[in-house]
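Each chain, written out:
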Amino acid sequence: MITTMKSYLVIAVSAALLTTFGFSSCDTATGQGAGIGAATGAIIGGATTGRVRGAAIGAGIGAASGAIIGSSIDARNGYYQGRAVNDYPYARRARRPGFVVSPYRPHNLVDVRGIPHGALVRDPSTGGVFRKP
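Residues numbered from 1 in each chain as written. Predicted model: local features only at pLDDT ≥ 70, side-chain atom pairs only at ≥ 80, totals over all residues. Heavy atoms only, no water.

Trainee: For the pattern of salt bridges, give the residues involved together with the corresponding values.
Mentor: For the coordinates displayed, the defined rule picks out one salt bridge. As a salt-bridge pair, Arg113 and Asp111 come within 2.6 Å of each other at their nearest N and O atoms. What makes Arg113 exposed here is its relative accessible area of 55%. You can call Asp111 partly exposed: its relative accessible area is 36%. (Salt bridge = Lys/Arg side-chain N within 4 Å of Asp/Glu carboxyl O. Buried < 20%, exposed > 50% of the residue type's maximum accessible area, 1.4 Å probe, protein only.)

So, in structure tokens, the structure goes:
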């Protein structure tokens, strides 16, 4: 019984390390956060339950948590979906207060009331992302 539990723990730790090395090869903090989260989740899941199933569940939860944390780190560091915030075009101010003209065709008016200057906004008609002037 103890030997079986130790072998499962070794398998779980090995899988966690392999997953960590695989995810940490990504260029962004999102991938690294997911890899670290998956490894931590696998180790905790395997250690607490002594079962591979627990390690797999822990790795899944850890990877999801790490991806969420990593994307917030990217946003704080000036990236949105892997692209620098400065790469997005600015909208033009419209004559109507609280609205801007989208830089994407057909250049619709977009309501940006309550959105801070310089923030990224998605044009609801085209899906294009731009910066609020």
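Next, the rest of the story.
Trainee: I'd like to hear about the sheet that holds strand S5 (residues 109-111), residue by residue, with values.
Mentor: Within a sheet, neighbouring strands are paired by backbone hydrogen bonds and run either parallel or antiparallel to one another. Within the open sheet, the three strands sit side by side as S3-S4-S5. Their pairing is antiparallel. Whereas interior strands pair on both sides, the edge strands pair on one side only; in this sheet they are strand S3 (92-93) and S5. As paired elements, S3 and strand S4 (residues 99-101) share two bridges and run antiparallel to each other. Bridged to Arg93 within S4 is Val100. (Pairing = 2+ DSSP bridges. Helix = DSSP H or I, 4+ residues; strand = E, 2+ residues; numbered from the N terminus.)

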